[in-house]
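Residue strings, one per chain:
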Amino acid sequence: LIVGKLILSIRTAAIQDAILDFFRSFYPALTEKQKEKFYAMVWEMLPAADSLSGKLIGFLDRYLPEEDEAFRAAAGEKMLELVASEQRRKTHKMLPLLLKTPGFCRQTVSRAILGKWKDQRIFREFFENEFSVGFDEQICRVIALWGEHPYLPDEAAEKIFSILSEHIRDDTKTTVYSYLDAEAKLGEELKGKYNAVCDGFCDRLIRDAIHPKIADLIEDAFRAELREDGPEYLLAYAEEHPYLKESENFAILSEFAQAMAYAEEGRRAEEVLERLLIAAGPCKKPERVFAAAIKRAEPLCRKDSPNAISLYAALRIENGYRKSRELLLTAAADAILPAVGGQSDGETGQKQEKASASADRKTAILLVADAAVALRRCAVAEELKAALAGETEGAEAFFALLNGAWQKLLPADRASLKADLTALPDEELAACYTKVYDRVEKANRKGFFAKLFGR
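Everything numeric here is computed off the predicted structure, so don't read it as measured data.

## Observations regarding the overall build of the chain
- Looking only at helices and strands, the chain has 24 helices and zero strands in total.
- Relative to the compact-globule value of 23 Å for 455 residues, the chain shows a C-alpha radius of gyration of 36 Å, a clear excess of over 25%.
- Seen through its principal axes, the chain has C-alpha atoms that stretch 115 × 50 × 40 Å.
- Out of the 455 residues belonging to the chain, those deemed buried represent 47%.
- Carbon and sulfur atoms form 51% of the exposed surface of the chain, whose accessible area is close to 22900 Å².
- A distance of 5 Å separates the average location of the 65 positive side-chain charges in the chain from that of its 74 negative side-chain charges.

## Some points on the packing of helix α10 (residues 154–170) against helix α12 (residues 196–216)
- As a packed pair, α10 and α12 sit with axes 10 Å apart at the nearest point and diverge in direction by 15 degrees. As summarised for this structure, α10 and α12 are arranged roughly parallel, according to the angle between their axes. Both α10 and α12 take part in a crossing whose hand is right-handed. On the side of α10, the interface is formed by D154, A157, E158, I160, F161, L164, S165, I168 and R169, while α12 contributes V197, F201, R204, L205, D208, A209, I210 and K213.
- Partitioning the contact of α10 with α12 into residue classes produces 10 nonpolar, one polar and six charged.

## Section: the pattern of salt bridges
- Evaluated as defined, the whole model comprises 39 salt bridges.
- One salt bridge in this structure joins R169 and D170, with 3.1 Å as the shortest N-O distance.
- In this structure, R223 and D220 form a salt bridge, with 3.6 Å as the shortest nitrogen-oxygen distance.

## Regarding the packing of aromatic side chains
- This model, assessed by the stated rule, comprises 17 aromatic pairs.
- On the basis of an interplanar angle of 65 degrees and a centroid distance of 5.8 Å, the ring pair of Y27 and F59 is categorised as edge-to-face. Of the two residues, Y27 is situated in the loop between α2 (16–26) and α3 (32–45) and F59 in helix α4 (residues 51–63); the sequence distance between them amounts to 32 residues. Both residues of the pair, Y27 and F59, belong to the buried class.
- Here the aromatic rings of F222 and F256 are separated by 4.9 Å at their centres, their planes lie at 75 degrees, and the arrangement is edge-to-face.

## Digging into the side chain of E270
- If you trace the backbone, E270 turns up in helix α16 (residues 269–280).
- Polar contacts involving the side chain of E270 include one to the side chain of R377, which spans 3.0 Å.
- Discounting chain neighbours no more than four positions away, the residues touching E270 are A374, R377 and C378.

## Brief notes about helix α7 (residues 104–114)
- Among the 11 residues of α7, nine are classified as buried, and the element is accordingly described as predominantly covered.
- For α7, the complete set of buried residues consists of F104, C105, R106, T108, V109, S110, A112, I113 and L114.
- Check the buried side of α7 and you find it contacts α4, α5 (69–87), α6 (94–99), α8 (121–130), α9 (135–148) and α10.

## Topic: the confidence of the model for the chain
- Chain-level pLDDT for the chain is 87 on average; 92% of the residues reach the 70-or-more range.
- Below pLDDT 50 for its whole length, residues 343–348 participates in 12 contacts with residues either more than four positions away or in separate chains.
- Low pLDDT (under 50) marks residues 448–455, which in the prediction has one contact with non-local residues, meaning those over four places away or in another chain.

## Remarks on the environment of R376
- Note that R376 resides in helix α20 (residues 351–377).
- Here R376 falls in the buried class, since its relative accessible area comes to 15%.
- Taking the C-alpha atoms as reference points, R376 and A224, 152 residues apart in sequence, are found 28 Å from one another.
- Setting aside residues up to four positions removed in sequence, R376 forms contacts with K385, A386, L388, A389, D426, E428 and L429.
- There is a polar contact of 3.0 Å between the side chain of R376 and the side chain of E428.

Scoring rules and cut-offs
Residues numbered from 1 in each chain as written. Predicted model: local features only at pLDDT ≥ 70, side-chain atom pairs only at ≥ 80, totals over all residues. Heavy atoms only, no water. Helix = DSSP H or I, 4+ residues; strand = E, 2+ residues; numbered from the N terminus. Rg over C-alpha atoms; globule rule 2.2 N^0.38 Å. Buried < 20%, exposed > 50% of the residue type's maximum accessible area, 1.4 Å probe, protein only. Areas by Shrake-Rupley, 256 points an atom, 1.4 Å probe, with all protein chains shown as cover. Lys, Arg positive; Asp, Glu negative; His and termini not counted. Charge placed at Lys NZ, Arg CZ, Asp CG, Glu CD. Axes fitted to C-alpha atoms, helices over the stretch in contact; angles between N-to-C directions. Parallel < 35°, antiparallel > 145°, perpendicular 65-115°, else oblique. Left-handed = near helix turned anticlockwise from the far one by under 90°. Contact = heavy atoms within 4.5 Å. Nonpolar A, V, L, I, M, F, W, Y, C, P; charged D, E, K, R; others polar. Salt bridge = Lys/Arg side-chain N within 4 Å of Asp/Glu carboxyl O. Phe/Tyr/Trp six-rings, centres within 6.5 Å; stacked < 30°, edge-to-face > 60°. Polar contact = N/O pair within 3.5 Å; in protein donor to acceptor, adjacent residues only side chain to side chain. pLDDT = per-residue confidence, 0-100.

Structure below.
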């Protein structure tokens, strides 16, 4: 009588937990008839797919495994009848609840889906639900699924491959490193654990879905927020995985590596830039390639190599222009000044220090000019080539650089600077910068006399 009344009251939200606690406490003492009534209530309530249904599923997962085989089989059949009935309706809210957590309910339903229902609509629905999570979790679920059903039939494995490979193909959120981790995880936790069907699934998923995705995502190597050593990491991976070297996108990595090798050797800036431009060409965000090159070129400046410093300046100019469409030559000169031994100013008052600061500023200006020559010689965008020697952009940018340094240059360095600018191995750029030099000299001479005569 008490059991019957409790069952009738279970829909009352306020006392649901108390009623279920009662059944948990007295479940071992329930008679066959009382269990019959209790389970009849369960089968009636489950299709509502509400909070009570979730609590009842947890109850089933806890107590059904303790029943004998006949009882479990009968309960499983009833559960599958409810699932089949729900499949005939428009919405299927109960199915995700039954599959939500590992246990008797999930195992019973998933076994039917992967077996006798593998050719029905529910099969794809099951995996769409399974794979509605991020890629990392998808791989974990595939591994867990094989643990639940070690002897999946070949046809089911084929369908799982088809659905998962679609998800991988359409995935736009996962990074290359997650795919590299997935390859390792499948090899360590799934391949060789069960049977030939499982091994074949692993091999095919890695070869036909994961490897092509890794090749597509090579550009992620230049996302410093993911890994600062991304290019080196993927190059090391490629040494052990020849498929990546054979991929169309591998030139992004190989050309970048060649460019950095040239930089290490101290080759001229334009030689390095040409390789970098090939590397950056196919990239959606080529500025990342140049940012990675800038990071690796900066330490080379400390080797007292004019070519390395000129390269560093060129990279800063090119990447800055790419991002902002401004020729920030002054910023490039300020960035390389420490590399040529310069101080930020010459205010110590000592002749020797002033001479040193003046010489360093002159060197920095010439290295920026050399960087501009290198940029115009290599295959940079025509827009940048024109801008560097342009009447407006290039001239004004060099004017800002030279005018800002003018008062810190000693007269002898100013005079020799003009000769060096005139001798630049790019006639158009030399003409532009020499003309700017005369303009700066005139502007500063006028300023001097204005100060002298109070005008």
